[in-house]
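Residue-level listing of the chains:
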Amino acid sequence: MDVKEFTFEEVIEKINRSMKPYSLSFKEVLWYSRFSVKESVAENFSVQDRIFLAGDASHIHSVNGGQGLNTGLGDAFNLIWKLNMILKYGVSANSLFSYESERKPVAQSVIETSGELVRSTKYSETRTHAQDYVKLVQKHAGNITGMGIRYGEQELHGLSGSRLFDLEIYHGTVKTRLYSLLNYTQFTLLIFGECKVDLNLPEYVKLIQIFPEEFRDGYWTENSPYKNQAVLVRPDSYIESLTALDQVTPQARNNIMEQYI
């Protein structure tokens with residue numbers, strides 16, 4: 001609607017104008033309410049690292065794009081795995097400091113995306129609202145699906161901070177998916193290559209080796225963007241770091257895990 005105050009009859013009139021040559025009518029209306037779009041992000045997502053906001057408590061926006069639920073779950077997952085690391089494995093509580101710095105930019109980007117979408121349904125210089133909407137969905141597909149959400153700056157960290165690609169892999173002759181191997185309460189160190197690595201990993205890091213060609217007694221795949229790399233994956237399936245296999249040493253292990261020890 002173009003104004004804040006309007007009647008039920010005015011709503012039906014506008015709907016029918018949009019639906020021509022079809023029309024809509026109601027025999028009886030027991031209850032209805034007005035919904036208005038609000039856009040806001042909490043100034044802080046935590047207070048003294050003891051009280052945390054997540055989901056609608058930390059950000060609200062239009063329903064366009066259907067991003068609210070995924071964003072709220074993303075907040076919760078980000079916070080939960082860090083709390084689990086502290087409570088179960090005794091890692092440093094400093095990991096909680098990254099909750100707001102990681103999730104607040106996501107909330108802001110979601111509001112921008114949903115805002116563009118809802119405004120395109122009302123304003124269009126060329127009166128091509130539907131086409132405008134579709135183009136925006138294509139433009140923000142990574143945000144809307146959640147698969148394009150990343151932590152950190154891409155130009156500075158490459159694939160670090162991006163979501164791990166799911167791959168079709170095999171265990172012997174049995175086909176499965178990479179995501180099915182992940183443990184969502186631990187880190188996973190994925191070794192994509194033939195060389196063996198000897199690392200004394202913390203108990204909260206699960207080691208999985210994936211060979212580049214058919215291997216009878218282990219995991220293998222012929223199609224991996226991470227060939228000859230060691231990929232450290234966080235419990236929420238985001239890449240913490242990548243290292244070439246020929247550079248994997250005990251010292252490299254210390255470097256990639258130091259912020260959690």
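Residues numbered from 1 in each chain as written. Predicted model: local features only at pLDDT ≥ 70, side-chain atom pairs only at ≥ 80, totals over all residues. Heavy atoms only, no water.

**Some points on the sheet that holds strand β10 (residues 229-233)**
For step 1, the next point in the chain: Read across the sheet, seven strands follow the order β6-β5-β9-β8-β7-β10-β11 without closing on themselves; strand pairing throughout is mixed. Edge positions in the open sheet fall to β6 (174-177) and β11 (239-244), since each of these has one partner strand only. (Pairing = 2+ DSSP bridges. Helix = DSSP H or I, 4+ residues; strand = E, 2+ residues; numbered from the N terminus.)

**Section: the nonpolar core**
For step 1, the next point in the chain: Core analysis: the biggest nonpolar cluster contains 23 residues, and M85, F187, L189, Y204 and V205 have the highest contact counts within it.
For step 2, the next point in the chain: Those elements giving two or more residues to this core turn out to be α2 (68-89), α3 (98-120), β7 (187-192) and β10.
For step 3, the next point in the chain: In terms of residues, this core owes the most to one element, α2, which gives five residues.
For step 4, the next point in the chain: In terms of nonpolar packing, the next biggest core, distinct from the first, is built from 15 residues, L164, Y179, Y226 and I239 among them. (Core = buried A, V, L, I, M, F, W, Y, C linked by side-chain atoms within 4.5 Å. Buried < 20%, exposed > 50% of the residue type's maximum accessible area, 1.4 Å probe, protein only.)

**Quick look at the packing of α2 against α3**
For step 1, the next point in the chain: Contact geometry for α2 and α3: axes closest at 10 Å, N-to-C directions at 175°. The orientation of α2 with respect to α3, classified from their angle, is roughly antiparallel. On the side of α2, the interface is formed by T71, G74, D75, N78, L79 and K82, while α3 contributes S98, Y99, E102, R103, V106 and V110.
For step 2, the next point in the chain: Residues that form the contact of α2 with α3 fall into these classes: four nonpolar, four polar and four charged. (Axes fitted to C-alpha atoms, helices over the stretch in contact; angles between N-to-C directions. Parallel < 35°, antiparallel > 145°, perpendicular 65-115°, else oblique. Contact = heavy atoms within 4.5 Å. Nonpolar A, V, L, I, M, F, W, Y, C, P; charged D, E, K, R; others polar.)

**Examining the packing of aromatic side chains**
For any two aromatic rings, the description comes down to two numbers: the centre-to-centre distance and the angle of the planes.
For step 1, the next point in the chain: Evaluation of the coordinates by the stated rule reveals 13 aromatic pairs.
For step 2, the next point in the chain: Residues F45 and Y99 carry aromatic rings whose centres are separated by 6.2 Å and whose planes lie at 50° to one another, so their mutual orientation is tilted. One end of the pair, F45, is in the loop between β1 (40-41) and β2 (46-47); the other, Y99, is in helix α3, and 54 residues separate them in sequence.
For step 3, the next point in the chain: The buried category is assigned to F45, whose relative accessible area is 0%.
For step 4, the next point in the chain: A ring pair is formed by F211 and F215, whose centres lie 4.0 Å apart and whose planes are at 15°; its orientation type is stacked. (Phe/Tyr/Trp six-rings, centres within 6.5 Å; stacked < 30°, edge-to-face > 60°.)

**A look at the layout of surface pockets**
For step 1, the next point in the chain: Here the largest pocket is characterised by a volume of approximately 1200 Å³.
For step 2, the next point in the chain: M1, D2, K14, T121 and K122 are, among the 29 residues lining the largest pocket, the residues nearest its centre.
For step 3, the next point in the chain: Elements supplying a minimum of two residues to the lining of the largest pocket: α1 (8-19) and α3.
For step 4, the next point in the chain: When residues of the lining of the largest pocket are assigned to their parent elements, the largest contribution, six residues, is made by α1.
For step 5, the next point in the chain: The class makeup of the residues in the lining of the largest pocket is twelve nonpolar, eight polar and nine charged.
For step 6, the next point in the chain: Within this model, the second largest pocket holds a volume of roughly 370 Å³.
For step 7, the next point in the chain: Around the second largest pocket sit 21 residues that line it, and N70, G74, G146, R163 and Y238 are the ones nearest its centre.
For step 8, the next point in the chain: Breaking the lining of the second largest pocket down by element, the ones donating at least two residues are α2, α3 and α5 (141-145).
For step 9, the next point in the chain: Among the residues making up the lining of the second largest pocket, the classes are represented as nine nonpolar, nine polar and three charged. (1 Å grid on protein atoms, 1.4 Å probe; cavity = no way out; pocket = protein on both sides within 12 Å on 5 of 7 lines; lining within 4 Å. Points joined across faces, edges and corners; volume = space filled by probe spheres on them.)

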